[in-house]
Amino acid sequence: MSIDTALLTESARLFAVLAAELTGLFLLISYAVGYLQTRLPPERIQRILSDKHGHGYIAAGFLGAITPFCSCSTIPFLKGLLRAKAGFGTMLVFLFASPLLNPIIIGLFAVTFGPQVTLFYFVIAMSVSVGGGIVLEKLGFEKYVKPQSYQTPSPSECNTGCGGKTEPIAIWKKVWLSTWSDFKRVLPFLLGGIAVGSLIYGFMPTEFVAQVASEKNPFAIPVAAMIGIPLYIRAEAVIPLSAALTAKGMGLGAVMALIIGSAGASLTEVILLKSIFRNQMIAAFLVVILGMATGAGFLYHFLF
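What you are looking at is a predicted structure, and each value in this text was computed from that prediction instead of being measured. (Residues numbered from 1 in each chain as written. Predicted model: local features only at pLDDT ≥ 70, side-chain atom pairs only at ≥ 80, totals over all residues. Heavy atoms only, no water.)

(A) Examining the overall build of the protein chain more closely. Within the protein chain, the secondary structure is distributed over 14 helices and two strands. Taken across its 304 residues, the protein chain has 49% of its residues classed as buried. Considering only contacts within the protein chain whose residues lie at least 6 apart along the sequence, 81% involve residues at least 24 apart. With the model as given, the accessible surface of the protein chain reaches about 14100 Å², and the carbon-plus-sulfur share is 68%. (Helix = DSSP H or I, 4+ residues; strand = E, 2+ residues; numbered from the N terminus. Buried < 20%, exposed > 50% of the residue type's maximum accessible area, 1.4 Å probe, protein only. Contact = heavy atoms within 4.5 Å. Areas by Shrake-Rupley, 256 points an atom, 1.4 Å probe, with all protein chains shown as cover.)

This is the structure:
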């Protein structure tokens, strides 16, 4: 069986672009969060995201909604929240909401599908994000966070200067050393996820996706949700791709499921989360996203 050189080239090109883009994003956001932590005391973050009267969950949802992060660049921010010891449930709300409700995807949603569909998407994504965070916290899933995720990498506090004298490390350099330590730990996960996602993206024809997830298929919506998870798609690409699939006969309920699955739980993000969570928490995360994607798809199909 011969390999399509054009598709292989496209997959390689996508891998190179995503690797460079996500590496830059990860380093930039990790550094920004690390520097912010030197200026913003953990007690203040805990106070903002406290769960008193449920306000912390809502605050976390809107914090996710105003951050223009894709699913992978959410991870450095999540690490910062863990180290600040913010509430576990509120951190999960942020994790669910950030890639689904960022301004980029909401804006493209409104332009492509109109305000009614966008409002439906926003309400569903926000409600399930908040509900999922509350339920997983109540069920005690915090025990599945790896202990090292709470630890801040501690580079040496001083450098050796001329004559063996020691000098304090500048704040910017200390933050950079911590950022680089984080990055080296997650780099294999990052590159592995991008490689698999790029191959799937390059070799899976849109005609096949549209056929499998057409309105005539009773399993179209759950199939679309499951297809979305390994198919890593940036927010800038997921909406145009979904519009193309709709034009080829894919039902809007299935499109909704595909968008939530791909934006909310890309394969790359799931692999990165393994550096933070144990397998039980990874499974719970996927259940929430798949449940959200499938439920939103069926609800949209019946309401509209």
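Read on for the rest.
(B) The UniProt feature "transmembrane region" (unreviewed entry) in the protein chain, seen in detail. The residues that UniProt annotates with the feature "transmembrane region" (unreviewed entry) are residues 12–36, 56–78, 90–113, 119–136, 186–204, 219–239, 251–276 and 282–303. For the annotated span residues 251–276, helix accounts for 77% and strand for 0% of the residues, and the straight-line distance between the end C-alpha atoms is 36 Å. (UniProt positions renumbered as here; feature names shortened; annotations may be inferred.)

(C) Inspection of the packing of aromatic side chains at higher detail. Going through the model one piece at a time under the given rule, you end up with eight aromatic pairs. Their ring planes at 50° and their centres at 6.4 Å tell us that Phe62 and Phe122 sit as a pair that is tilted. Pair noted here: Phe62 is in helix H3 (residues 55–65) and Phe122 is in helix H7 (residues 115–138), with a separation of 60 residues, a long-range link. Overall, Phe62 belongs to the partly exposed group, its relative accessible area being 44%. Between Phe109 and Phe113, the aromatic rings sit 5.3 Å apart at their centres with planes inclined by 55°, giving tilted as the arrangement. Taken together, the residues Phe109 and Phe113, both in helix H6 (residues 103–113) and four residues apart, mark about one turn of the helix. With respect to class, Phe109 is no different from Phe113; both count as buried. (Phe/Tyr/Trp six-rings, centres within 6.5 Å; stacked < 30°, edge-to-face > 60°.)

(D) Seen up close, a nonpolar patch on the surface. The grouping of Leu7, Leu8, Leu199 and Phe203 at the surface amounts to a nonpolar patch, some 310 Å² of accessible area in total. Where the nonpolar patch is concerned, the elements lending two or more residues are helix H1 (5–39) and helix H8 (171–203). Assignment of secondary structure puts Leu199 in helix H8. What makes Leu199 partly exposed here is its relative accessible area of 43%. (Patch = residues over 30% accessible without salt bridge, like charges linked within 9 Å, V, L, I, M, F, W, Y side chains within 5 Å. Salt bridge = Lys/Arg side-chain N within 4 Å of Asp/Glu carboxyl O.)

(E) Representation of H7 within the structure. When the terminal C-alpha atoms of H7 are compared, their 34 Å separation across 24 residues agrees well with the 34 Å that a helix rising 1.5 Å per residue should span. Positive backbone phi, at 80°, marks Gly140, one or two positions downstream of H7. (Expected span 1.5 Å × (residues − 1).)

(F) Up close: the nonpolar core. With 80 residues, the main nonpolar core has Leu100, Leu101, Tyr121, Met256 and Phe277 as its most contacted residues. Among all residues touching Met256, those that are not within four sequence positions of it are Phe109, Val117, Phe120, Tyr121, Ala296, Gly297 and Tyr300. (Core = buried A, V, L, I, M, F, W, Y, C linked by side-chain atoms within 4.5 Å.)

(G) Focus on the packing of helix H4 (residues 74–83) against helix H5 (residues 88–100). Closest axis-to-axis distance for the H4/H5 pair is 10 Å, and the angle between their directions is 165°. Judged by the angle between their axes, H4 and H5 are roughly antiparallel. Of the two elements, H4 crosses H5, and the hand of that crossing is right-handed. Where H4 approaches H5, its residues Thr74, Ile75, Phe77, Leu78, Leu81 and Leu82 are matched on the opposing element by Met91, Phe94, Leu95, Ser98 and Pro99. Taken together, the residues of the contact of H4 with H5 sort by class into nine nonpolar, two polar and no charged. (Axes fitted to C-alpha atoms, helices over the stretch in contact; angles between N-to-C directions. Parallel < 35°, antiparallel > 145°, perpendicular 65-115°, else oblique. Left-handed = near helix turned anticlockwise from the far one by under 90°. Nonpolar A, V, L, I, M, F, W, Y, C, P; charged D, E, K, R; others polar.)

(H) Seen up close, the side chain of Ser262. Considering the arrangement of structural elements, one finds Ser262 in helix H12 (residues 252–264). Within the structure, Ser262 has its side chain in polar contact with the backbone oxygen of Leu258 (distance 2.8 Å). Side-chain polar atoms of Ser262 contact the backbone oxygen of Ile259, separated by 3.2 Å. (Polar contact = N/O pair within 3.5 Å; in protein donor to acceptor, adjacent residues only side chain to side chain.)

(I) Layout of the environment of Ala220. Tracing the backbone shows Ala220 in helix H10 (residues 220–228). When the C-alpha atoms of Ala220 and Ala254 are compared, they prove to be 6.0 Å apart, with 34 residues separating the residues in sequence. With residues up to four places along the chain from it excluded, the contact list for Ala220 reads Val212, Ala213, Ser214 and Ala254.

(J) Summary view of the packing of H7 against H12. One can describe the packing of H7 onto H12 by two numbers: an axis separation of 12 Å at closest approach and a directional angle of 50°. The pairing of H7 with H12 is recorded here as oblique in orientation. The crossing of H7 and H12 is right-handed. On H12, the residues that touch Val117, Phe120 and Tyr121 of H7 are Met256, Ile259 and Ile260.

(K) Just H5, in detail. In a regular helix each residue adds 1.5 Å, so 13 residues correspond to 18 Å; H5 covers 19 Å between its end C-alpha atoms and thus fits that length. Across the 13 residues of H5, 13 count as buried, placing the element largely inside the fold.

(L) Molecular detail of the confidence of the model for the protein chain. Residue-level pLDDT values for the protein chain average 78, and 79% of them are 70 or greater. Model confidence for the protein chain, summarised as mean pLDDT per element, is weakest for strand E1 (residues 158–160) at 43 and strongest for H7 at 93. (pLDDT = per-residue confidence, 0-100.)

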